[in-house]
Amino acid sequence: MRKLTLIAWVLALCSCQETQDSSNDWTVVLKTDKDGTVLSGSKQNLINAIRCGQDLKIGWGAKNERLSIEHLSSPIWLAILSENEVMAHLDPQVLSHIQWDSLNADYKDANLLQQEWRVVLTTKSDFDAVWYDRKADTLMQRRPQKHKMTWFVRGKTPENVGPLFD
């Protein structure tokens, strides 16, 4: 049994090396709408890229009649959930203030320096954000949301990579 597990692991590793593109190009591997419906790409291609250790970035944003904001972040922690969905945690951030009239950002409000923004998102377009007061060690607010999301990987996406734990 150990021999079969070792063989499967080696084959999975080899398939990653054979199909991985060495270029620095970022490609869209999955794009979803606010409801989690796949608009382009596939969740399986994203899962294969994660299993091969490819670099990943996630993009989302918001727009109204006058203003828009686009975010792009590399996750610090990933999980593949039951072979179907991906969950990603982003690096906690100290948020700046945005001056929308001049489109500048700053840290003039010293109260923001003790606040940390944390988020977990999924390929179902779930986006759960919390604001945490590090000084008081308390949760300030939680804002679950749904967002259109674009998942990028660096290089060509591999095919048919099995679970990491087999």
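The following paragraphs examine the structure supplied in this document. (Residues numbered from 1 in each chain as written. Predicted model: local features only at pLDDT ≥ 70, side-chain atom pairs only at ≥ 80, totals over all residues. Heavy atoms only, no water.)

### A word on the environment of Pro 75
Tracing the backbone through its elements, the reader meets Pro 75 in strand β5 (residues 75-81). Taking C-alpha positions, Pro 75 is 9.5 Å from Met 87, a pair spaced twelve residues apart along the chain. Not counting the four nearest positions on each side in its chain, Pro 75 is found in contact with Leu 56, Lys 57, Ile 58, Ala 88, His 89 and Leu 90. (Helix = DSSP H or I, 4+ residues; strand = E, 2+ residues; numbered from the N terminus. Contact = heavy atoms within 4.5 Å.)

### Observations concerning unusual backbone geometry
Of note, Glu 83 is a non-glycine position whose phi angle comes to about 65°, a positive value. One non-glycine residue, Ser 125, lies in the positive phi region at around 75°. A relative accessible area of 0% means that Ser 125 is categorised as buried. (Buried < 20%, exposed > 50% of the residue type's maximum accessible area, 1.4 Å probe, protein only.)

### What about the nonpolar core?
Judged by nonpolar contacts, the single largest core of 21 residues is most densely connected at Leu 46, Trp 60, Trp 117, Leu 121, Phe 127 and Trp 151. If near-sequence neighbours (up to four positions away) are discounted, Trp 60 is found in contact with Ile 69, Glu 70, His 71, Ser 73, Leu 90, Trp 117, Leu 121, Phe 127, His 147, Lys 148 and Met 149. (Core = buried A, V, L, I, M, F, W, Y, C linked by side-chain atoms within 4.5 Å.)

### Side note on the pattern of salt bridges
Within the structure shown, the criterion is met by seven salt bridges. The residue Glu 116 makes a salt bridge to Arg 118 at a minimum N-O spacing of 2.7 Å. Its relative accessible area of 11% is what places Glu 116 among the buried residues. Lys 146 is the partner of Asp 126 in a salt bridge, and the nearest nitrogen-oxygen pair spans 2.8 Å. Highlighted residues: Asp 126 in strand β11 (residues 126-133) and Lys 146 in strand β12 (residues 138-146), separated in sequence by 20 residues. Relative accessible area serves as the criterion here: at 30%, Asp 126 is assigned to the partly exposed category. Bridged by salt links that share partners, the residues Glu 116, Arg 118 and Arg 134 form one connected network. (Salt bridge = Lys/Arg side-chain N within 4 Å of Asp/Glu carboxyl O.)

Don't take any of this as a statement about function, it's just geometry.
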